[in-house]
Amino acid sequence: MRVAPPLLVLLPALVLLPLGLVLPGLSHGGGWELIGQFAMAALTPSLDPVVLRSVAGGLLVTVAMALLGWAVSLVLGLLLGVASSRTVWTTLSGSALPATGIRRLLAVPRSIHELIWGLLLLQLLGLQPAVAVLAIVIPYAALVARVLSDLLDALPTTNVEALRAGGAPAPAALLTALGPALLPGVLSYGGYRLECALRSATLLGVFGLGGLGTELKLTMQSLAFHELWTGLWLLLAVMLSLEAGLGHLRRRWLMPVRFGLQQPSVGLRAREMLLVLLALLPLSLLLGHALGVQPQALLSVQPLPPLQSDWPSVLALPWPALVGGTLGLTLLAACLAVGLAPLLLLLAAPSRWLRAPLRLVWALGRLWPPPLTALLLLLVLQPGVVTGALALGFHNLGVLGRLLLESAADASPATEQALACAGSGPRLALLYGRLSGVARPYLAYAAYRTDVMLRESVVVSLVGATGLGSQLLESLSSFAWDQLLALVLVYALLTLLGEDLSDRWRARLLASG
């Protein structure tokens, strides 16, 4: 017997049953009044001119760091993606071995979360704007390179072979045959990474690297909830504007006919895309100057305490508990995020009035940095795996909920309407109508998102005192570089293993569909 795909997306939500039994024992109940004050402050954010100026300044720094890190990582990722493409190396030299070697080298930087890069670079370079930008650039460039090389290798090479047979040089044949076909993928994934860069820049600020994230953490710690919501609402407005702008460009350039828009000519779209890509260089220079990024300052590395190898103490760390806490946190957060998104959508199905609040909650989930959610939960819950998983799950629920809403909106309504006309209720019609068609792609993306959650587990571990992240912060603060090196290696190994498993699961889901 096989579970029907629309029911399969709801199975992870069963974790709510044991979670409901565990939560009362973890609650200490001392902060519910503060939780109420936090919720009520959302309706009355501070409009004090001093607060607005401070929040606006921090927001500009965060947006500038995100844009600069995104622009540099996209350019580097494009170059590295071409350099790690098997198709490119086979066409140029007849062997794909160099591409395999470059791919393996790039696996290391992308397996380490940008927050870890930020904390490490902070120790090496000191507090400067370039640290946050580099922390975004290093893993993002490797991630972009992986996706673009996969896109390149998935393209048919018939046109390349025809051009080569006609006497065209290999670089010209590759650019002519594969460039136009690759451009939509570059734009689509590049837009997604820009949204991620904004969230990452906010997160890095929470840990002291400047921008609005620092403002949010300070107001959170001082319980100044009205000032906190001022920053959150402004950040939400920027994020929603960015999502709307990127969505418009995707529809104009990639799907103009489907959405009923006036279709620009192929030449006009190509010129517009090229102008956007060419604008990245002057944009990067302008933002770098505005932030005060000084490339020469990156060459002055701060002296570090000498490395004292004490491998017995490294081996004596509670590795099973650390690894188990990280994996348990990731799996629990994944079950909550993956299962709750369709469950909440079904609960809101009978009433259109519930859709708008649901969208708002999911937008806040995407916006709200998980460490701040963990700090808020610590007012009423004990630190540990469950608290970290709730914070991480809420953030990813916003990401998956948005994806599910967009996929359901794009799906054909014919089956849902037929079921509704046959007498099915709105929830059953939605479940076996629209959600049936998007279930497998949704689960495939959920598998990828679980891999992302494994990387992000370090973020809440630093606050929730559980898993590898808590030990990493302790080793970093005590300059135990041998422990730090071992922890980063184990963390990278876990994320690479999770990446491989999620790739296999996605391929299996999409193949069976």
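Just so it is clear, the structure is predicted and the values come from calculations on it, not from any experiment.

## Some points on the side chain of Ser457
- Relative to the helices and strands, Ser457 resides in helix H22 (residues 434-464).
- Accessibility expressed as a relative area gives 1% for Ser457, which makes it buried.
- A polar side-chain atom of Ser457 sits 2.7 Å from the main-chain carbonyl oxygen of Leu454.
- Those residues in contact with Ser457, other than ones at most four positions away along the chain, are Thr326, Leu329, Thr330, Leu392 and Tyr491.

## Describing the confidence of the model for the protein chain
- For the protein chain, mean pLDDT is 83; residues scoring 70 or higher make up 91% of the total.
- When mean pLDDT is taken per element in the protein chain, helix H16 (residues 319-347) scores highest with 91 and helix H13 (residues 266-278) scores lowest with 67.
- Overall, residues 256-261 carries pLDDT values under 50, and its contacts beyond four positions in sequence, including any with other chains, amount to 11 contacts.

## Considering the packing of aromatic side chains
- This model, assessed by the stated rule, comprises six aromatic pairs.
- Ring geometry for Tyr189 and Tyr192: centres 5.9 Å apart, planes at 45 degrees, overall tilted. Note that Tyr189 and Tyr192 are positioned in helix H10 (residues 170-209) at a spacing of three residues, about one turn of the helix. Each member of the pair, Tyr189 as well as Tyr192, carries the same accessibility label: buried.
- Their ring planes at 50 degrees and their centres at 5.5 Å tell us that Tyr445 and Tyr448 sit as a pair that is tilted. Pair noted here: Tyr445 and Tyr448 are both in helix H22, with a separation of three residues, about one helical turn. For the pair shown, Tyr445 and Tyr448 are each scored as buried.
- Taken together, the ring pairs in this structure connect Phe38, Phe225, Trp229, Trp233 and Trp368 into an aromatic cluster.

## Observations concerning the pattern of salt bridges
- Enumeration according to the criterion identifies 14 salt bridges in this entry.
- The residue Arg402 makes a salt bridge to Glu195 at a minimum N-O spacing of 2.6 Å. Within this pair, whereas Arg402 is found in helix H19 (residues 385-410), its partner Glu195 is found in helix H10, the two being separated by 207 residues in sequence. Comparing Arg402 with Glu195 shows no difference in burial state: the two are buried.
- In this structure, Glu406 engages Arg402 in a salt bridge whose closest nitrogen and oxygen atoms are separated by 3.1 Å. Placement of the pair is Glu406 and Arg402 together in helix H19, with a separation of four residues, close to one helical turn.
- Within this structure, Arg110, Arg146, Asp451, Arg455, Glu499 and Asp503 form a network of salt bridges that share partners.

## Here's the deal with unusual backbone geometry
- With phi around 60 degrees, Leu223 is a residue other than glycine that occupies positive phi space.
- Summarising the element assignment, Leu223 is placed in the loop between helix H11 (212-221) and helix H12 (225-253).

## A few points about the side chain of Ser73
- Here Ser73 is to be found in helix H4 (residues 49-83).
- Engagement of the side chain of Ser73 in a polar contact is seen with the backbone oxygen of Trp70, the distance being 2.9 Å.

## Describing the environment of His113
- Locating His113 in the fold gives a position in the loop between helix H6 (97-111) and helix H7 (114-125).
- Sequence separation between His113 and Gly167 is 54 residues, and the spatial gap between their C-alpha atoms is 45 Å.
- When near neighbours in sequence (up to four residues on either side) are disregarded, His113 contacts Leu203, Arg455, Glu456, Val458, Val459 and Tyr491.
- A distance of 2.9 Å separates a polar side-chain atom of His113 from the backbone nitrogen of Leu115.

## Focus on the nonpolar core
- Core analysis: the biggest nonpolar cluster contains 144 residues, and Leu228, Trp319, Leu345, Leu435 and Tyr442 have the highest contact counts within it.
- In terms of residues, this core owes the most to one element, H10, which gives 18 residues.

Thresholds, definitions, all that
- Residues numbered from 1 in each chain as written.
- Predicted model: local features only at pLDDT ≥ 70, side-chain atom pairs only at ≥ 80, totals over all residues.
- Heavy atoms only, no water.
- Helix = DSSP H or I, 4+ residues; strand = E, 2+ residues; numbered from the N terminus.
- Buried < 20%, exposed > 50% of the residue type's maximum accessible area, 1.4 Å probe, protein only.
- Polar contact = N/O pair within 3.5 Å; in protein donor to acceptor, adjacent residues only side chain to side chain.
- Contact = heavy atoms within 4.5 Å.
- pLDDT = per-residue confidence, 0-100.
- Phe/Tyr/Trp six-rings, centres within 6.5 Å; stacked < 30°, edge-to-face > 60°.
- Salt bridge = Lys/Arg side-chain N within 4 Å of Asp/Glu carboxyl O.
- Core = buried A, V, L, I, M, F, W, Y, C linked by side-chain atoms within 4.5 Å.

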